[in-house]
Amino acid sequence: MKLTTLVSSAYLVAAGLFLTVYALSGFDLLLFLCAGYRPVYRALLSFTGIAAAWLLFWLIAFRPTKYVS
């Protein structure tokens, strides 16, 4: 479960960087890394939603900020 959370977090950070490059320059870095192959591109975009849902579940279920004051 810890590995899933780390992978999801790392991917969301990477996706955020890819989208920042796209927003600032108009160059779609994720599509470039997928070599223009649309099915892989769409699979990675859908994984972004899955990773976000996983982290939302993790934050609700385990409350990592419960003891932060």
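Higher on the page you've got the structure.
Residues numbered from 1 in each chain as written. Predicted model: local features only at pLDDT ≥ 70, side-chain atom pairs only at ≥ 80, totals over all residues. Heavy atoms only, no water.

A. Region of the structure containing the nonpolar core. If you look at the biggest cluster of nonpolar residues, it comprises seven residues: Y11, A15, F18, L30, L31, C34 and Y41. The biggest single contributor to this core is helix α1 (residues 2–25), with three residues. (Core = buried A, V, L, I, M, F, W, Y, C linked by side-chain atoms within 4.5 Å. Buried < 20%, exposed > 50% of the residue type's maximum accessible area, 1.4 Å probe, protein only. Helix = DSSP H or I, 4+ residues; strand = E, 2+ residues; numbered from the N terminus.)

B. Looking closely at the packing of aromatic side chains. The full count for this structure, using the stated rule, is four aromatic pairs. Here the aromatic rings of W54 and F57 are separated by 5.4 Å at their centres, their planes lie at 50°, and the arrangement is tilted. Here W54 and its partner F57 are both found in helix α3 (residues 38–62), three residues apart, which amounts to about one turn of the helix. One aromatic cluster in this structure is built from W54, F57 and F62. (Phe/Tyr/Trp six-rings, centres within 6.5 Å; stacked < 30°, edge-to-face > 60°.)

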